[in-house]
Amino acid sequence: MVVLFANPTAARRPYRAPLASLFAVALLATSAGCAGGLDEPDRFTGGTGSACATSTTATGILQAQCFGCHSTDSKSIGAGLDLQAAGLPGRLYTTTSSATCGAVPMADSANPANSLFLRKLTSNPGCGTQMPQGAALSAAETACLKEWLTNGKPSSP
C-alpha cells in the first residue's frame, strides 16, 4: 500500500489558503473607504441631540428642496442666491437678499434664529413668497436647517 500523505488533514490545507486569502481580500474591499465606524453615528446622521431627523442632514435638505432653483447648476440662480457654492452656511451671513426684501443679509449674525433665510421657510416670510415654492418644508426639516445655520455662524474677529 502506497501512502501519498501521512496526514490526510495536511492534504486539505493547500485549499484553505486560497479561500482564506479570498475572504481577507473581500473583507478589506468592503471596508475600504468607510467614512467612520458604528461607534461614530454622528458621522452618518444628524446625531444624538441634533434637530435633524435620523439619516437627514441640512445639506441633503438643501440638495433635495433648494438646488433646483438656487444652485450653480441651475440655469438661472433664483434671486441670485446660490446655495450650492462653497462656504455655506457662513456665506449666508454676508449674502444680501434681493431688493424685494430690502437687500438685508440672508443670515442675521446678532440673531441667527431670526434670519431671513429661515423666515423664508415659514408661511409668513415678511417679504416675497415662502420657500421652497410648491411645498413647504416639514417642521423637522426647518428645525434641522435652523440648527445648521446657527451652528455655522462665523466667529467674531
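Residues numbered from 1 in each chain as written. Predicted model: local features only at pLDDT ≥ 70, side-chain atom pairs only at ≥ 80, totals over all residues. Heavy atoms only, no water.

Colleague: Looking at this structure, I do not really get the overall build of the protein. What am I missing?
Modeller: Assigned secondary structure in the protein consists of four helices and zero strands. Per-residue burial for the protein yields a buried fraction of 25% across its 157 residues. Relative to all contacts within the protein whose residues are 6 or more apart in sequence, the contacts with residues 24 or more apart total 39%. When the accessible surface of the protein is totalled, it reaches about 10300 Å², and 59% of it is carbon and sulfur. (Helix = DSSP H or I, 4+ residues; strand = E, 2+ residues; numbered from the N terminus. Buried < 20%, exposed > 50% of the residue type's maximum accessible area, 1.4 Å probe, protein only. Contact = heavy atoms within 4.5 Å. Areas by Shrake-Rupley, 256 points an atom, 1.4 Å probe, with all protein chains shown as cover.)

Colleague: Honestly, the packing of aromatic side chains in this entry has me stumped. Any pointers?
Modeller: Given two aromatic rings, their pairing is described by the distance between the two centres and the angle made by the two planes. For the coordinates displayed, the defined rule picks out one aromatic pair. Between the aromatic rings of Phe 117 and Trp 148, the centroid separation amounts to 6.1 Å while the plane-to-plane angle is 55°, which identifies the pairing as tilted. Taken together, the positions of Phe 117 in helix α3 (residues 116-119) and Trp 148 in helix α4 (residues 139-151) put the pair 31 residues apart, joining distant regions of the chain. Take Trp 148: its relative accessible area is 17%, and that puts it in the buried class. (Phe/Tyr/Trp six-rings, centres within 6.5 Å; stacked < 30°, edge-to-face > 60°.)

Colleague: Explain the packing of helix α2 (residues 58-65) against α4 here, please?
Modeller: The relative placement of two packed helices is expressed as an angle between their axes plus a distance between the axes. The contact between α2 and α4 brings their axes to 9 Å, and the two run at 120°. With respect to their mutual orientation, α2 and α4 come out oblique. The interaxial crossing formed by α2 with α4 has left-handed handedness. Contacts from Ala 58, Ile 61, Leu 62 and Gln 65 of α2 reach α4 at Glu 141, Cys 144, Leu 145 and Trp 148. For the contact of α2 with α4, the per-class residue count stands at six nonpolar, one polar and one charged. (Axes fitted to C-alpha atoms, helices over the stretch in contact; angles between N-to-C directions. Parallel < 35°, antiparallel > 145°, perpendicular 65-115°, else oblique. Left-handed = near helix turned anticlockwise from the far one by under 90°. Nonpolar A, V, L, I, M, F, W, Y, C, P; charged D, E, K, R; others polar.)

Colleague: Can you walk me through the state of the cysteines in this structure?
Modeller: Simply put, the disulfide is a covalent bond whose two ends are the sulfur atoms of two cysteines. Evaluation of the coordinates by the stated rule reveals two disulfides. A sulfur-sulfur separation of 1.8 Å characterises the disulfide bridge that pairs Cys 52 with Cys 144. Looking along the S-S bond of the Cys 52-Cys 144 disulfide, the torsion reads about 80°, which is the right-handed sense. Residue Cys 52 is found in the loop between α1 (8-31) and α2, and its partner Cys 144 is found in helix α4; the two are separated by 92 residues along the sequence. Judged by its relative accessible area of 12%, Cys 52 is buried. Overall, the relative accessible area of 1% leaves Cys 144 in the buried class. Shown here is the disulfide that connects Cys 101 with Cys 127, its sulfur atoms set 2.0 Å apart. Its S-S torsion of about 105° marks the bond between Cys 101 and Cys 127 as right-handed, since a negative value means left-handed. (Disulfide = S-S within 2.5 Å.)

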